[in-house]
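# Breakdown of the fold
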Amino acid sequence: MFSQLPIEEFHRKLSSNSPGPGGGSVAALSGALAAGLISKVCNLSIGKEGYEAFHAQLTDALQKTELLSRSLLKRVDLDPQAFGEVMDALMMPEEPEEAGKAREEAIQRGYKAAAESALAIARECLGVLDLAEALLCISNTNALSELAVASLQAYAGLEGAIISLEMNFPALKDMKLVALDTSEAATLLEKGLRTKDGIRKYVMENIG
């Protein structure tokens, strides 16, 4: 379980020539770190003087970001597992014809699983960005930099996940799925970029 490793050991495995963890795991971890920062902002705001009116919104945001944290941390492990399905399928025999057909079907299932894993990471990273944006005007102003860093981390995870997603497209034969995923990916990127830039603008205008 990569997500359970100490930071230095995770980094060593990441730096090695082993199949995992890879870019997908790092994208998921980026989103999880961003969600952790948002949880910090909530905890620095809940119960603090001047933020009493936002208690319900802050506690709701805290619950949501903790769910996203847990899910994204799980995806640090799930993403290489999905790619592992592709690798296992590629090792299947190509002959006789029936075996070759079963191999191709397994390969397609593996690539679809890998694509869905990447898309799920991107969706959740956008969810983290949305939470960061929602906290801008209702959270502890001393933690604005945390929101800014969270937005950068979440967007990095989102864009990284989309790149991982697109790497699967050439191998997929389901063109309808590729078209749907391409459309959703473009929407996620556009929304994520707009949200990230909006958060940065707000933070820079309200520092000090």
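These remarks concern the structure in this document. (Residues numbered from 1 in each chain as written. Predicted model: local features only at pLDDT ≥ 70, side-chain atom pairs only at ≥ 80, totals over all residues. Heavy atoms only, no water.)

With that out of the way, let us pick up helix H5 (residues 144-167). With 24 residues, H5 extends 35 Å from end C-alpha to end C-alpha; this agrees with the ideal 34 Å at 1.5 Å per step. Buried within H5 are the following residues: Leu144, Leu147, Ala148, Ala150, Ser151, Ala154, Tyr155, Gly157, Leu158, Ala161, Ile162 and Leu165. Buried residues in H5 make contact with helix H2 (23-43), helix H4 (97-134) and helix H6 (175-206). (Helix = DSSP H or I, 4+ residues; strand = E, 2+ residues; numbered from the N terminus. Expected span 1.5 Å × (residues − 1). Buried < 20%, exposed > 50% of the residue type's maximum accessible area, 1.4 Å probe, protein only. Contact = heavy atoms within 4.5 Å.)

The next subject is helix H3 (residues 55-90). The terminal C-alpha atoms of H3, which comprises 36 residues, lie 53 Å apart, in line with the 52 Å expected from a rise of 1.5 Å per residue. At Val76, H3 is bent by approximately 35°, the largest bend along its length, and proline Pro80 sits one to four residues beyond. (Bend = angle between axes of the 7 residues up to and from the residue.)

Ranked by internal contacts, the top residues of the largest apolar core, which has 54 residues, are Ile38, Val128, Leu135, Leu147, Leu158 and Leu165. Mapped by element, the contributors of at least two residues to this core are H2, H3, H4, H5 and H6. If you tally residues by element for this core, the top one is H4, at 14 residues. (Core = buried A, V, L, I, M, F, W, Y, C linked by side-chain atoms within 4.5 Å.)

A few words now on unusual backbone geometry. That bond from Gly20 to Pro21 is cis: its omega, 0°, falls within 30 degrees of zero. Considering the arrangement of structural elements, one finds Pro21 in the loop between helix H1 (7-15) and H2.

So, on to the packing of aromatic side chains. Applying the stated criterion to the full structure yields zero aromatic pairs. A cation over a ring is seen here: Lys196 above Tyr155, with NZ or CZ 5.3 Å from the ring centre. (Phe/Tyr/Trp six-rings, centres within 6.5 Å; stacked < 30°, edge-to-face > 60°. Lys NZ or Arg CZ within 6 Å of the ring centre and 35° of its normal.)

Next up on the list: the environment of Glu85. Residue position: Glu85 is located in helix H3. We classify Glu85 as partly exposed; its relative accessible area is 40%. Measuring from C-alpha to C-alpha, the distance between Glu85 and Ile121 comes to 18 Å, with 36 residues separating the pair along the chain. Discounting residues that sit within four places of it in the chain, Glu85 has contacts with Arg109, Gly110 and Ala113.

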